[in-house]
Amino acid sequence: MLEPKTLRFTPVPDPAKVDPVLMRRLLTLVDMRLSTRGTSALEYEKQIDTLIADLYNLSDQERTAIGMEE
């Protein structure tokens, strides 16, 4: 579990600076995920994870470290 002192130093992308097309895509995926169950939901989660990783500019190595890629 993350502690407040850790979260305080975790950078968070400013939503106002995110490309509006990307933000709409992310919000659409979240809406679709919330209304879906089963294997389709997992696919939406993967797409959401990829967009978020892109927002954080995670490298392939970092994505592998958090279990996104093998």
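Remember, it's a predicted structure, so these values are computed and weren't measured experimentally.

### With respect to the pattern of salt bridges
At step 1: By the definition in use, this model includes 3 salt bridges.
At step 2: For R33, the salt bridge is made with E45, and the minimal N-O distance between the two is 2.6 Å. One end of the pair, R33, is in helix α2 (residues 20-34); the other, E45, is in helix α3 (residues 39-55), with 12 residues separating them in the sequence.
At step 3: Owing to a relative accessible area of 26%, R33 belongs among the partly exposed residues under this scheme.
At step 4: Here D54 ties to R63 by a salt bridge, and the two come within 2.6 Å at their closest N and O atoms.

### Here we look at the confidence of the model for the chain
Keep in mind that low pLDDT regions are not for reading the predicted coordinates in detail.
At step 1: This prediction gives the chain a mean pLDDT of 89; 96% of its residues lie at or above 70.
At step 2: Looking across the chain, the model is least confident in helix α1 (residues 4-7), with a mean pLDDT of 80, and most confident in α2, with 95.

Reading the values: rules and limits
- Residues numbered from 1 in each chain as written.
- Predicted model: local features only at pLDDT ≥ 70, side-chain atom pairs only at ≥ 80, totals over all residues.
- Heavy atoms only, no water.
- Salt bridge = Lys/Arg side-chain N within 4 Å of Asp/Glu carboxyl O.
- Helix = DSSP H or I, 4+ residues; strand = E, 2+ residues; numbered from the N terminus.
- Buried < 20%, exposed > 50% of the residue type's maximum accessible area, 1.4 Å probe, protein only.
- pLDDT = per-residue confidence, 0-100.

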